[in-house]
Amino acid sequence: MGRKYLAVKDRALGTCCFKFVLILTRARENHEYALKIRISTALPLNLALHFYPESMAIVTLTTDFGDRGFDLPKLKGALLSAASTVQLVDLTHQVGNYDIVQAAFLFRNAWQNFPKGTIHLISVNDYPADTPRFLAAAHRGHYFIAPDNGLFSLIFPEDAPNQYHIVQYEAKELIALDRIYARAVGHLAQGRPIIELGEATPEVMQRITLQPVISPSQIRGSVIFIDGFDNAITNINQPLFEQ
């Protein structure tokens with residue numbers, strides 16, 4: 001349950017009136033219900049209005065930052081400065097350096113368990129070009145923010161978003177990438193339209209992962225991930241194996 005207050009001060013009388021907005025959010029079958037109760041009367045025109053929004057968005061983080069150094073806490077600090085009430089959830093920060101294939105694999109197997117409205121930030125191999133692009137997309141009730149380096153094509157080999165929005169930034173901000181991401185996350189966490197982040201584009205960089213080699217007597221695949229229990233996961237899926 002969250003609350004929003006609209007404080008209204010009458011400058012002439014020096015008194016304050018309040019509009020009280022109660023927002024009741026109930027999750028059931030991935031739907032949200034909002035009940036708003038407003039208590040107010042007609043107010044004079046000479047008023048100064050102050051609105052204090054509150055957001056409880058979930059933001060997942062997938063990076064190759066590891067658990068050493070200052071990159072991760074710096075990013076989290078920037079995100080909380082842009083949207084102080086979001087819930088930050090660490091998917092993983094143990095992706096191999098610049099390994100977008102591994103990042104896509106780990107993320108692809110986790111994001112769908114989060115509730116609709118979740119904002120997913122993936123920061124892996126952020127500088128694939130001298131002038132990188134950062135994209136935001138809305139898809140199946142979720143929001144996704146990531147560099148345009150092939151990640152989206154690996155995460156969504158099928159059923160991809162219809163369009164992406166190019167996150168605008170100034171060249172000097174590339175030195176402090178956390179500002180670019182924080183601004184985009186803060187924008188979405190406040191419930192503002194994704195189209196305001198930047199120009200729409202249907203095109204993203206494409207990457208193709210290694211595919212199994214099939215012969216009449218064998219299937220030759222590759223190990224794409226080894227989990228914490230030393231289970232080796234290959235790129236040979238069950239339907240292919242049973243063919």
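Residues numbered from 1 in each chain as written. Predicted model: local features only at pLDDT ≥ 70, side-chain atom pairs only at ≥ 80, totals over all residues. Heavy atoms only, no water.

1. Some words on the overall build of the chain
When you go through the chain residue by residue, the secondary structure sums to five helices and 15 strands. Within the chain, buried positions represent 38% of all 243 residues. A separation of at least 24 residues holds for 63% of the contacts in the chain among residues at least 6 apart in sequence. Surface exposure of the chain reaches about 15200 Å², of which carbon and sulfur atoms provide 53%. (Helix = DSSP H or I, 4+ residues; strand = E, 2+ residues; numbered from the N terminus. Buried < 20%, exposed > 50% of the residue type's maximum accessible area, 1.4 Å probe, protein only. Contact = heavy atoms within 4.5 Å. Areas by Shrake-Rupley, 256 points an atom, 1.4 Å probe, with all protein chains shown as cover.)

2. A word on the pairing of strand 8 (residues 134-139)
Buried residues dominate strand 8, accounting for five of its six residues. Looking at chain direction, strand 8 and strand 9 (residues 142-147) are connected through six bridges and run antiparallel. Across the sheet, the residue bridging to Ala137 is Phe144, located in strand 9. Relative to strand 10 (residues 164-166), strand 8 is paired through two bridges, and the arrangement is antiparallel. By the bridge assignment, Leu135 is partnered in strand 10 with Ile166. (Pairing = 2+ DSSP bridges.)

3. Considerations on the sheet that holds strand 10
Spatially, seven strands are ordered 6-5-7-9-8-10-11 in an open sheet, and the strand pairing comes out mixed. Edge strands, defined here as strands with exactly one partner in the open sheet, are strand 6 (87-92) and strand 11 (200-201). Sheet analysis places strand 7 (residues 119-123) next to strand 9, joined by three bridges and oriented parallel. Along strand 9, the bridge assignment pairs His120 with Phe144.

4. Thoughts on the nonpolar core
Core analysis: the largest hydrophobic core is formed by 25 residues, its most contacted members being Leu79, Ile119, Leu121, Phe134, Ile145 and Tyr181. For this core, the element with the highest residue contribution is helix 4 (residues 177-189), accounting for eight residues. Beyond its immediate chain neighbours, meaning those up to four positions away, Leu79 contacts Leu61, Leu88, Leu121, Tyr181, Ala182 and Val185. Among the nonpolar cores identified, the runner-up in size contains 23 residues, and Val95, Phe105, Leu106 and Ala146 belong to it. (Core = buried A, V, L, I, M, F, W, Y, C linked by side-chain atoms within 4.5 Å.)

5. Brief notes about unusual backbone geometry
In this structure, Asn125 is a non-glycine residue whose phi angle is positive, near 50°. Considering the arrangement of structural elements, one finds Asn125 in the loop between strand 7 and strand 8. In this structure, Asp230 takes a positive phi of about 65° despite not being glycine. For Asp230, the position within the fold is in the loop between strand 14 (223-226) and strand 15 (232-234). For Asp230, a relative accessible area of 65% translates into the label exposed.

6. Points about the pairing of strand 9
In terms of residue burial, strand 9 counts as a mostly covered element, since five of its six residues are buried. Counting the residues that bridge the hairpin from strand 8 to strand 9 gives two residues, and of these Arg140 lies at a positive phi of roughly 55°.

7. Observations regarding the side chain of His120
Within the secondary structure, His120 sits in strand 7. Of note is the side chain of His120, whose polar atom sits 2.8 Å from the side chain of Thr60. In this structure the side chain of His120 is engaged in a polar contact, spanning 2.9 Å, whose partner is the side chain of His142. Non-local contacts of His120, meaning those with residues more than four positions away in its chain, are made with Thr60, Phe107, Trp111, Phe114, His142, Tyr143, Phe144 and Ile145. (Polar contact = N/O pair within 3.5 Å; in protein donor to acceptor, adjacent residues only side chain to side chain.)

8. Structural notes on the packing of aromatic side chains
Applying the stated criterion across every chain yields a total of seven aromatic pairs. Between Phe134 and Tyr169 the ring centres are 5.5 Å apart and the planes differ by 70°, which places this aromatic pair in the edge-to-face class. Here Tyr169 lies in the loop between strand 10 and helix 4 and Phe134 lies in strand 8, a separation of 35 residues in the sequence. Ring pairs connect the aromatic residues Phe107, Trp111, Phe144 and Phe156, which therefore count as one cluster. (Phe/Tyr/Trp six-rings, centres within 6.5 Å; stacked < 30°, edge-to-face > 60°.)

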